[in-house]
Amino acid sequence: QVQLVESGGGLVQSGGSLRLSCAASGSIFSISSMSWYQQAPGKQRDLVAQISSVGTTIYADSVKGRFTISRDNAKNTVYLQMNSLKPEDTAVFYCYARIAQQRNGGYSAFWGQGTQVTVAS
């Protein structure tokens, strides 16, 4: 099977920085897009940033200029560098990846377990 394991969350003061990591492991042939989503209490899960297999990126308007997504294809790992954090960034951050487990198989969606990010004012 496939596992996505996130790390790097925690408590930080407003204006501070955190770096999230998400490593994919298991039966993996190929990974297409990798993304980060956030879900605040009582709200839906929203896309924060996405990166394609060739490095094309997309960001939510709320994080443009503050967050940077990157990936290391050799390590099957995606990162989210978060700078100038605000209290409204407080949420559980989830890693998402589309992964093919076989050469001729299609891509399936996989989620990580989530990591809490809390920004204190």
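Refer to the preceding data block for the structure.
Quick look at the structure, then. Please read all numbers here as calculations on a predicted model, not as lab measurements. (Residues numbered from 1 in each chain as written. Predicted model: local features only at pLDDT ≥ 70, side-chain atom pairs only at ≥ 80, totals over all residues. Heavy atoms only, no water.)

## Looking at the overall build of the protein
Right, on to step 1. Scanning the protein from N- to C-terminus turns up zero helices and eleven strands.
Right, on to step 2. Walking the protein from its N terminus toward its C terminus, one meets helices and strands in the order β-β-β-β-β-β-β-β-β-β-β.
Right, on to step 3. In terms of its C-alpha atoms, the protein occupies a principal-axis envelope of roughly 50 × 25 × 25 Å.
Right, on to step 4. Looking at the protein alone, contacts between residues at least 24 apart form 56% of all its contacts between residues at least 6 apart.
Right, on to step 5. Carbon together with sulfur atoms contributes 46% to the accessible area of the protein, which is approximately 6300 Å² in total.
Right, on to step 6. Across the protein, 10 positive and 6 negative side-chain charges occur, with their mean positions spaced 7 Å apart. (Helix = DSSP H or I, 4+ residues; strand = E, 2+ residues; numbered from the N terminus. Contact = heavy atoms within 4.5 Å. Areas by Shrake-Rupley, 256 points an atom, 1.4 Å probe, with all protein chains shown as cover. Lys, Arg positive; Asp, Glu negative; His and termini not counted. Charge placed at Lys NZ, Arg CZ, Asp CG, Glu CD.)

## Comments concerning the packing of aromatic side chains
Right, on to step 1. Scanning the model with the defined rule gives four aromatic pairs in all.
Right, on to step 2. Seen from their ring centres, tyrosine 94 and tryptophan 111 are 6.4 Å apart, and the 85 degrees between their planes marks the pair as edge-to-face. Pair noted here: tyrosine 94 is in strand S9 (residues 91-100) and tryptophan 111 is in strand S10 (residues 107-111), with a separation of 17 residues, a long-range link.
Right, on to step 3. Grouped by ring-pair contacts, the aromatic residues Tyr37, Tyr94, Tyr96 and Trp111 constitute a single cluster.
Right, on to step 4. The ring of tyrosine 94 is capped by arginine 45, whose NZ or CZ atom sits 3.5 Å from the centre of that ring. (Phe/Tyr/Trp six-rings, centres within 6.5 Å; stacked < 30°, edge-to-face > 60°. Lys NZ or Arg CZ within 6 Å of the ring centre and 35° of its normal.)

## Notes on unusual backbone geometry
Right, on to step 1. One non-glycine residue, asparagine 76, lies in the positive phi region at around 50 degrees.
Right, on to step 2. Topologically, asparagine 76 is positioned in the loop between strand S7 (67-72) and strand S8 (77-82).
Right, on to step 3. One non-glycine residue with positive phi stands out, namely serine 84, at about 50 degrees.
Right, on to step 4. Mapping serine 84 onto the fold places it in the loop between S8 and S9.

## A short note on the nonpolar core
Right, on to step 1. Within the largest apolar cluster, 28 residues are counted, with the highest numbers of intra-cluster contacts made by Trp36, Leu80, Met82 and Phe93.
Right, on to step 2. Mapped onto this core, the elements with two or more residues apiece are strand S1 (2-7), strand S3 (18-26), strand S4 (30-39), strand S5 (46-51), S7, S8, S9 and strand S11 (115-120).
Right, on to step 3. Those residues in contact with leucine 80, other than ones at most four positions away along the chain, are Leu18, Arg19, Leu20, Trp36, Val48, Ala49, Phe67, Thr68, Ile69 and Phe93. (Core = buried A, V, L, I, M, F, W, Y, C linked by side-chain atoms within 4.5 Å. Buried < 20%, exposed > 50% of the residue type's maximum accessible area, 1.4 Å probe, protein only.)

## Concerning the state of the cysteines
Right, on to step 1. Following the criterion strictly, the structure yields one disulfide and no others.
Right, on to step 2. There is a disulfide in this structure between cysteine 22 and cysteine 95, and the S-S distance comes to 2.1 Å. Torsion about the S-S bond of the cysteine 22 and cysteine 95 cystine: about -80 degrees, corresponding to left-handed handedness. Taken together, the residues span a long stretch of sequence, with cysteine 22 in strand S3 and cysteine 95 in strand S9 at a distance of 73 residues. For the pair cysteine 22 and cysteine 95, a shared accessibility class is recorded, and that class is buried. (Disulfide = S-S within 2.5 Å.)

No statement about biological role is implied by the geometric values presented.
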